[in-house]
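# Residue-level structure breakdown
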Amino acid sequence: MASFARRVVVDVGSCEIRIGEVLADRKGGPVVRNLRAQDLQIDPTKASEFFPAILQGIENIVRASGIKPGPATLCLGGPSVFTRVIKVPQTDPNQVKQMVGFEAQQAVPAIDEACWDFQLFSAGGGDLEAMILAIKKDSIEELMVAAAKSGLQVEGVELAPAAIINAFRYNYPEIQSSTLILDIGARSTNILVVEGSKIFCRIVPLGGASITQSIATDLQESFAGSETLKKAKGFVHPGGSYENPPDAVAAQISKLSRGVVTRLHTEVERSITFYRSQQGGGRPTMLLLAGGGANLGLIDFFFREKLKIPVGYLQPFRRLAIGDSLPLDVQKNFPSWSCWVGTALRALPDSPCRFHVLASLKNASLAKQKDLPAMIAALIAFGLLLFLPGLHGVWQAEKVSAATSPQKAEVEEAEQTASKIQLSQKKVSDRIARIEAALRLEEERLRWPRLLGELAKKSKPGMWLTKIAIVSDSANSPEQGVPSKAAGMATKVPQVEISGIFETKSEEADAEVVDQFKRSLEEGGLLQKVAILERETPERAADGKTEQVALRFTLRAEWPYDVTADQKTGAK
C-alpha cells in the first residue's frame, strides 16, 4: 500500500526552477515524473529581479509541464539560508528544546523575522548534535504567493541542506564513512560532511554566479553573455604545466574559473578542519559534487588533485523509479536535481532530515488569531474613550457652525467674485501678451530691410559690400524667436559684421573712405560702437606710385533691438 499521496515538488534556485511530481507505486516506493526545468534568465546578484522572475517563472513552468494543481512542497536555498550545528547534552526533551531555542536566539540573526527549526542527531558518547536551519519569513511568503498564483497549495518547505542529506542517504545507504558533499549553486555552496549519524553543514557565498561575474568584469561582457560563454567554453584550468587551450577566450575563462574554485577550496578545507576539531569527525574519504555549478568542466579533477580523495557526482536518480523517460536536459544536468529529489523524498516516513520551518510561520499566524479577540476588545475600549469627548466636541461644533453660517455664505460669495475677476484678468493678460508677440514679430520683419537701406545710403562710390552676418546673437536663436523686452534687457546685444571691397589709388584715400563710412554708420544711429576689424593697405610700386587696386575691409558694430530708434532713423 502507498504510504504517501501525490505531491508536486518545486525547487526554486537562484537561476533555475525545477518542477515535477512524486507518487507512490504499489509497494509504497517513490516514483517521479513530469520533470521539467526552466532558466529564469536573470542576474542572481540583483535581488530586485528575483521575485518578479519567480512569479512569472512558476506560472509558466506549471502550465508548460501540464501538472495539475494540488499539494506542493517548495525547496529553497541560497545565501539566505542560515545553518548551525551545536552540541547539547542528552537530557529531558523539553530541556533540550529550551536549550536549542536559547542557542538559536543567540546564533540566528533577527530570529523574530525568520522561520526556523532544528533536528537532533546522535553525536556519540551520549551527546546530541542539534542542526538548526533558518530562512527569512519574507523569502518564504513571497514564494508561497507565487506558488498559490499558479494553483499550487504549499503544505511544506524544505531547505537545500536538508534536501541534499535526504538525497544522499536514500541513494547511498551503503556509505557510512565520512563523505564530503559540495552542492554548488549559483549564489552559494552548501558544504556538508555526513559520517554515520553525524552531520556537519556550512554555507558559503561562492557559486557559479561568482565565476560568471569574474568573466563579465574581465572580458567587459554583460552577465547574460558571460553566462553563455561559461556554459559554452568554461572549465577549470588544471594548473601547473598543462598547456592552455588554443582558444584565447576559453583559456582566459579557465583561469578565472580556477581563481574562484580555489577560493571555494580554501573554504572547504576550513570547514573540514572545523568539523574535525569541533565535532570530532574524521577526514572525508570521498567527495560527491552536486548542484548546477558541478557541471563546470574539470572541476572534479581540480578537487581530486587538491583533496587527494576520490571525487564523483551525486546521482540523485540512482534508486528512484522514473514514471516516464528523463528529458535530455535532466540527463545532462542531473547533479542540479539533487535538491529536488531530496525534497521529493521528504514524503517518505523514514527520511533522515525532517525540518518543519513552515511550522513557525503557521504558529505566528495562529498566535495573531489567538490575540485577535483581545485586540478587538482593546480597540472598542479605546474607541469609547474617544467617543465621549468627541460627542461633546460635535455638539459644540454644531453651535459654532450655526452662529457663523451667515458670515461663511458672504465669504464664499466674495471668493467666487474674486475668482471671476482673476479669471478675467488672466484672459486680458493673455491677449496683451499675444498682441505684444505679434508686434515684435512685425518689428523684426522690418529689421533687416532697414539695415540694408542704411548700408546702401551710407556706402561710398566705388565700394561693394560682400558679406553681412550676425556674429553674436545669444538673445535671438532660431528656436526662441524674437526676445521680449524684458529678456532683451538682460541679454547680450547682437553684433553684425560687414565686409566689403573698395577701389582706391592711395593709402590715404583708403583710410579716409573707410573712416568716412564708419562715421556715417555711427551718425545714422541704427548701428552702435562701429569698429574697424580689418583694412588692407595698398602696396606701392618701385617708383613710389600706387596703381588702382581692390582693397578689403571689415567692420563690426552692435545692432540693438531698439525699434523706436530704427523708426526714427527711417524718418530721417
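Keep in mind that what you see is a predicted model, and the values were worked out from it rather than measured.

The next subject is the sheet that holds strand 7 (residues 127-136). The strands making up a sheet associate through hydrogen bonds between their backbones, and the pairing can be parallel or antiparallel. Reading across from one edge, 5-7-6 is the order of the three strands in this open sheet, with antiparallel pairing throughout. The open sheet has two free edges, formed respectively by strand 5 (82-89) and strand 6 (114-124), since each of these has just one partner strand. Across the sheet, the mean angle from the axis of one strand to that of its neighbour is 20°, orientation sign disregarded. With 10 bridges connecting them, strand 6 and strand 7 associate as antiparallel partners. When the bridges of strand 7 are listed, Cys 115 appears paired with Ile 135.

Working note: a packed helix pair is described by the angle between its axes plus the distance between those axes. For the pair helix 1 (residues 50-65) and helix 3 (residues 137-149), interaxial distance at closest approach is 8 Å and the crossing angle is 30°. Here helix 1 lies roughly parallel to helix 3, going by the angle between them. Helix 1 and helix 3 meet at a crossing whose hand is right-handed. Here helix 1 contributes Phe 50, Phe 51, Ile 54, Leu 55, Ile 58 and Glu 59 to the contact with helix 3, which in turn contributes Glu 142, Leu 143, Ala 146, Ala 147 and Lys 149. For the contact of helix 1 with helix 3, the class distribution of residues is eight nonpolar, no polar and three charged.

Further remarks concern the sheet that holds strand 8 (residues 153-159). An order of 8-4-1-2-3-14 is seen for the six strands of this open sheet, with the pairing classed as mixed. Every interior strand has two partners, whereas the edge strands, strand 8 and strand 14 (321-322), have only one. Relative to strand 3 (residues 30-39), strand 2 (residues 16-24) runs antiparallel, the two sharing eight bridges. Across the sheet, the residue bridging to Ile 17 is Gln 38, located in strand 3. Its contacts with the sheet place helix 3 against strand 1 (7-12), strand 4 (71-76) and strand 8, and it is angled at close to 140° to strand 4.

Between helix 7 (residues 248-278) and helix 8 (residues 299-307), whose axes approach to 11 Å, the crossing angle comes to 45°. Between helix 7 and helix 8, the crossing angle belongs to the class labelled oblique. For the pair helix 7 and helix 8, the sense of crossing is right-handed. The residues of helix 8 that touch helix 7, namely those facing Arg 258, Val 261, Thr 262, Leu 264, His 265, Val 268 and Glu 269, are Ile 299, Phe 302, Phe 303, Lys 306 and Leu 307. Residues of the contact of helix 7 with helix 8, tallied by class, amount to seven nonpolar, two polar and three charged.

All chains considered together, the criterion is met by 22 salt bridges. Across the pair Glu 227 and Lys 230 runs a salt bridge, and its minimum N-O distance is 3.4 Å. Of the two residues, Glu 227 and Lys 230 are both situated in helix 6 (residues 223-233); the distance of three residues between them amounts to about one turn of the helix.

Turning our attention to the pairing of strand 3. Count of turn residues in the strand 2/strand 3 antiparallel hairpin: five residues, of which Gly 28 carries a positive phi of about 90°. Bridge count for strand 3 against strand 14 is two bridges, and the pairing is parallel. Looking at the pairing, Val 31 lines up with Ala 321 of strand 14.

This next bit is on unusual backbone geometry. Phi is positive for Asn 34, which is not a glycine, with a value near 55°. Counting through the fold element by element, Asn 34 comes out in strand 3. In the Ramachandran plot, Lys 308 falls in the positive-phi region, its phi being about 60° despite a non-glycine side chain. Mapped onto the fold, Lys 308 is located in the loop between helix 8 and strand 13 (311-313).

About the cut-offs
Residues numbered from 1 in each chain as written. Predicted model: local features only at pLDDT ≥ 70, side-chain atom pairs only at ≥ 80, totals over all residues. Heavy atoms only, no water. Pairing = 2+ DSSP bridges. Helix = DSSP H or I, 4+ residues; strand = E, 2+ residues; numbered from the N terminus. Axes fitted to C-alpha atoms, helices over the stretch in contact; angles between N-to-C directions. Parallel < 35°, antiparallel > 145°, perpendicular 65-115°, else oblique. Left-handed = near helix turned anticlockwise from the far one by under 90°. Contact = heavy atoms within 4.5 Å. Nonpolar A, V, L, I, M, F, W, Y, C, P; charged D, E, K, R; others polar. Salt bridge = Lys/Arg side-chain N within 4 Å of Asp/Glu carboxyl O.

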